[in-house]
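Structure assessment
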Amino acid sequence: MSQPRPILLKGGRLLCPASGIDETGDLLLDQGRIAAMGGELDAPADAEIIDCAGKWVAPGLIDMHVHLREPGHEYKEDIASGTAAAAAGGFTAVCSMPNTDPVNDSAAVTEMILERARAVGSCRVYPVGAITPGLKGQGLSQMAELKDAGCVAVSDDGHPVSDSRLLRRAMEYASGFGLPVICHSEELSLSAGGAMHEGPVATALGLPGIPAEAEVAAVERDLTLAGLTGARVHIAHISCAGSVAALARAREAGWAVSGETAPHYLALCDQDVGEYDTHRKMNPPLRSQADRQAVRQGLAAGIIQAVATDHAPHSVLEKELEFGFAAFGVTGMETALGVMLELVEEHLLTPLEMIERLSAAPARLLGLPGGSLTAGGPADVVVMDPKAAWTVDPAKMRSKSANTAFAGRKLPGRAMLTVCGGKVTFRLED
Amino acid sequence: MSLKRRHMLGLHGVSAEEITTVLDTAESLKEISARPIKKVPTLRGKTIVHFFYEASTRTRTSFEIAAKRLSADTVSLSASTSSITKGETLIDTAKNLLAMSPDLIVMRHSQSGAPHLLARHIPCSIINAGDGAHEHPSQGLLDLMTIRRAKGRLDGLKVSIIGDISHSRVARSDIIGLNTMGSQVTVYGPRTLMPPAVESLGVSVAGSMEEAVNEADVIIMLRVQQERLTDVLFPTLREYAQRFGLGSKHLKAAKPDVVIMHPGPINRGVELSPEVADGPQSLILDQVANGVAVRMALLYLLLGPEAS
């Protein structure tokens, strides 16, 4: 494959969370790497020069929690459409969860995903392997083989391991190969049958509730096992105050634990379910206003280190249904940056902090390249316009599915240009 | 008289004026059921579909009688929710119905919000005849009508609702309607059958059967569903009847003019003792009679000459 032309990004606000740099300058991308970062750079003769005045230039975003649905559920999303959605959202890398069909519990599935990503992908794809074969909660996947094939973590996403002893073994075994364990923390006996957050809104709508404690009890267990095993444990999609507090305590105890939340938990709460809007149904559910505030504060304080979208595409077949019958999950990659820019406008996060939560933190937590603008690193870059307000239109998504929780919402800004490995993967057309 | 709405999906958001309009209309239509020829031509040429996704005998019968007394044509369609697994979605089924040009759909469904989904996708009027644990507005209205006839008013009353509040759409519609009309509602039952944050519905929670009964002007007993027993929400029917059932002993300490209601069907000897169910304070059969009148009123107001 021929190398793309060098790209000189001129005069943007350079935001590099790895080095703490936040200043106006140029960025030169060449040979798939960041060639130079600085005040005024000379462009090589064949370079494409892009004026970035008024724009923010940041490391490509990394989404550590997405469902690309391939293999098995290609009518919802596939690797081509999912990574195109990622690129449009400013992402240059995504971690794909193992709940495909077949489940990613073997090197063969991992290799197939990586091969497809190389062939049709618009960003880097890092597969996450299953903790148990078939996500059935029994036995252990061949994690060493998964790691060698390219998995960057193991997870039981969507199908939490109920057996505490088995989860302990999984943590111990995975840590022997340096594989982080990503926990979908949910006490199933407490959440069973629930359709939305348990509280006054669910009671008024007559919907069975999922108490926040179903998450907190499981987060506490999973963190406790992290303490017991010393394993690298990451809590996925934190949605409530109790989980933030539990994570803070575990981190104070010095355990190797971390956590992520998703944009919808930062921007929405259970009241936004409105009149049974299935595009506001996900698991864990949108929580109370107080939970939302606690998650926002936890993110600002750095207790929750990362933001991941939990991009979960579903077709109308799963969503245009009675609320109780509709599938859990919403798309997120094309709206994440816009929602996070709201937090910057609200002064909850600085621009550099926002970029950090979306790039450097996931890179650090999973040992991935990227998250930096310093010379020598991969040419994974997003140019965003923080002032290009736009209205979310589900019909204009690159994702195959339109189940966004943010339809009709006016977001303050968006990605204008995404470059992955020196190659332009997304350019916003006027 | 008319309503400012095309659907009756729930009493949430329905004003006191609208409720009064329905009840007054029901009062004026009630005498039709006492005539030798119980039929008026008001809705001649209108087609009403009774679309029941969940078993119901009395509500469907009540709606059908109401429609027939107004000369509407009715079609009944029972579907089990298992047809979902056969591939036809609620919206598909509804669109098929719509292709036959009904004027109004009366709908019962096991899932909360199902009629709201239908209302978003099809352009004909919808009456919610009970959705999951959400609302059952025609039952709420017939309860209000029954109370107004017994007490002469709907404001300033103390109403106690006793039993399974958590899973009851009747309780929600009653609570909303009574609050809108200016009465106070108290609830009582096993803690396992109280919904989370029950006070947010606009009720106070009694600490004992006596507290729930003694000050009440109206007592509404709710049916115990057998499946709550298998869900282990209470230990035995025996203990339920002893602690949460209404018997003559409770009524000795109650207000002398207290009235007893129940949405039916009754589990005799569980939530209601036979003496109370058949006693002079019981309005249970009045509720059934008023149900036809209230449903006639809803059909008339949503479909009749003055419908908006």
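Residues numbered from 1 in each chain as written. Chains lettered and ligands numbered in written order. Predicted model: local features only at pLDDT ≥ 70, side-chain atom pairs only at ≥ 80, totals over all residues. Heavy atoms only, no water.

So, about the overall build of chain A. Assigned secondary structure in chain A consists of 13 helices and 20 strands. For chain A, the C-alpha atoms occupy an extent of roughly 65 × 45 × 45 Å along the three principal directions. Residues counted as buried form 61% of the 430 residues belonging to chain A. Taking the contacts inside chain A whose residues are at least 6 apart along the sequence as the reference set, 75% of them involve residues at least 24 apart. On chain A, roughly 15,000 Å² of surface is accessible, and the fraction owed to carbon and sulfur atoms is 50%. Within chain A, one finds 36 positive and 53 negative side-chain charges whose respective centroids are separated by 1 Å. (Helix = DSSP H or I, 4+ residues; strand = E, 2+ residues; numbered from the N terminus. Buried < 20%, exposed > 50% of the residue type's maximum accessible area, 1.4 Å probe, protein only. Contact = heavy atoms within 4.5 Å. Areas by Shrake-Rupley, 256 points an atom, 1.4 Å probe, with all protein chains shown as cover. Lys, Arg positive; Asp, Glu negative; His and termini not counted. Charge placed at Lys NZ, Arg CZ, Asp CG, Glu CD.)

Each helix and strand in chain B was counted, giving twelve helices and nine strands. Scored against the burial criterion, the 308 residues of chain B give a buried share of 57%. Taking the contacts inside chain B whose residues are at least 6 apart along the sequence as the reference set, 73% of them involve residues at least 24 apart. Total accessible area on chain B is roughly 12,500 Å²; 52% of this is exposed by carbon and sulfur atoms. For chain B, the centre of its 34 positive side-chain charges and the centre of its 31 negative side-chain charges are spaced 4 Å apart.

Our next topic: helix α7 (residues 212-229) of chain A. The end-to-end C-alpha separation of α7(A) is 26 Å, in line with the 26 Å expected for 18 residues at 1.5 Å each. Every buried residue of α7(A) is listed here: A212(A), A214(A), E215(A), V216(A), A218(A), V219(A), D222(A), L223(A), L225(A), A226(A) and T229(A). (Expected span 1.5 Å × (residues − 1).)

A separate point is the nonpolar core. Counting 65 residues, the largest nonpolar core has M340(A) and M354(A) as its most contacted members. When residues no more than four places from it in sequence are discounted, the contact partners of M354(A) are W56(A), L337(A), M340(A), L341(A), V344(A), L349(A) and M384(A). Formed by 60 residues, the second largest nonpolar core is a distinct cluster that contains L11(B), L142(B), V185(B) and L283(B). (Core = buried A, V, L, I, M, F, W, Y, C linked by side-chain atoms within 4.5 Å.)

A surface patch of nonpolar side chains, about 330 Å² in accessible area, is lined by Y75(A), V316(A) and L317(A). Residue position: V316(A) is located in helix α11 (residues 316-319). (Patch = residues over 30% accessible without salt bridge, like charges linked within 9 Å, V, L, I, M, F, W, Y side chains within 5 Å. Salt bridge = Lys/Arg side-chain N within 4 Å of Asp/Glu carboxyl O.)

A few words now on the interface of chain B and chain A. The interface is formed by 24 residues belonging to chain B together with 16 residues belonging to chain A. For the pairing of chain B and chain A, the buried interface totals around 1,500 Å² over both sides, and the portion due to carbon and sulfur atoms is 62%. Together, Q111(B), S112(B) and P196(B) form the three largest contributors to the area buried by chain B at its contact with chain A, with a combined 29%. The interface formed by chain B and chain A holds zero salt bridges in total. Looking at the side of chain B that touches chain A, the elements with two or more residues in it are α3 (90-98) and α4 (114-121) of chain B. In terms of residue count, α4(B) provides more of the side of chain B that touches chain A than any other element does, five residues in total. Residue classes in the side of chain B that touches chain A are distributed as ten nonpolar, eleven polar and three charged. (Buried area = accessible area lost by both parts, 1.4 Å probe. Nonpolar A, V, L, I, M, F, W, Y, C, P; charged D, E, K, R; others polar.)

Once that is clear, we can look at the packing of aromatic side chains. Within the structure shown, the criterion is met by six aromatic pairs over all chains. Aromatic pair Y276(A) and F323(A): ring centres 6.5 Å apart, planes at 65°, arrangement edge-to-face. One end of the pair, Y276(A), is in the loop between α9 (263-267) and α10 (289-300); the other, F323(A), is in the loop between α11 and α12 (336-345), and 47 residues separate them in sequence. Looking at Y276(A), the relative accessible area reads 3%, which means it is buried. Ring centres 5.4 Å apart and planes at 45° place the aromatic pair Y240(B) and F244(B) in the tilted group. Of this pair, Y240(B) and F244(B) are both found in helix α9 (residues 237-244), four residues apart, which corresponds to roughly one turn of the helix. Grouping aromatic residues by their ring pairs yields a cluster made of Y188(B), F234(B), Y240(B) and F244(B). Lying over the aromatic face of F328(A), K281(A) brings its terminal NZ or CZ to 4.5 Å of the ring centre. Looking at R60(B), its charged tip hangs above the ring of F52(B), at a distance of 5.9 Å from the centre. (Phe/Tyr/Trp six-rings, centres within 6.5 Å; stacked < 30°, edge-to-face > 60°. Lys NZ or Arg CZ within 6 Å of the ring centre and 35° of its normal.)

Let's shift gears to the pairing of strand β4 (residues 125-131) of chain B. Residue and element names in this part refer to chain B. Here β4 lies mainly inside the structure; seven of its seven residues are buried. Alignment of strand β3 (residues 104-109) against β4, held across five bridges, turns out to be parallel. Across the sheet, the residue bridging to H109 is D131, located in β4. (Pairing = 2+ DSSP bridges.)

All names here are of chain A. Taken together, E111, E115, E145 and D148 make up a surface patch of like negative charges. Taken together, the elements giving at least two residues each to the negative patch come down to α2 (107-120) and α3 (143-149). For E115, the location among the structural elements is in helix α2. Its relative accessible area of 54% is what places E115 among the exposed residues.

A pair can form between side chains of opposite charge whenever their charged atoms are brought close. Residue and element names in this part refer to chain B. Under the criterion given, the structure shown has 24 salt bridges over all chains. Close ionic contact of R268 with D278 constitutes a salt bridge, the shortest N to O distance being 2.8 Å. Of this pair, R268 sits in the loop between β9 (259-261) and α11 (274-277) while D278 sits in the loop between α11 and α12 (284-303), and the two are ten residues apart along the sequence. Judged by relative accessible area, which is 53%, D278 ranks as exposed.

Let us now look at the environment of I284(B). Residues and elements named next belong to chain B. Relative to the elements of secondary structure, I284 occurs in helix α12. Sequence spacing of I284 and I220 is 64 residues, and the spatial spacing of their C-alpha atoms is 9.7 Å. Not counting chain neighbours up to four residues away, the residues in contact with I284 comprise I260, M261, H262, I266, L272 and A277.

On to the sheet that holds strand β6 (residues 184-188) of chain B, then. With parallel pairing, the five strands of this open sheet are ordered in space as β7-β6-β5-β8-β9 (chain B). A single partner strand is all that each edge strand has here, and the edge strands are β7 (204-205) and β9 of chain B.

Residue and element names in this part refer to chain B. By the secondary structure assignment, R295 is in helix α12. No salt bridge is formed by the buried R295; its nearest oppositely charged neighbour, D143, is found at 8.2 Å. A distance of 2.8 Å separates the side chain of R295 from the side chain of S62, its partner in a polar contact. Not counting residues within four places of it along the chain, the set of residues in contact with R295 comprises T59, S62, F63, A66, H136, S138, Q139 and L142. (Polar contact = N/O pair within 3.5 Å; in protein donor to acceptor, adjacent residues only side chain to side chain.)

The quantities given are spatial measurements derived from coordinates; they are silent on function.
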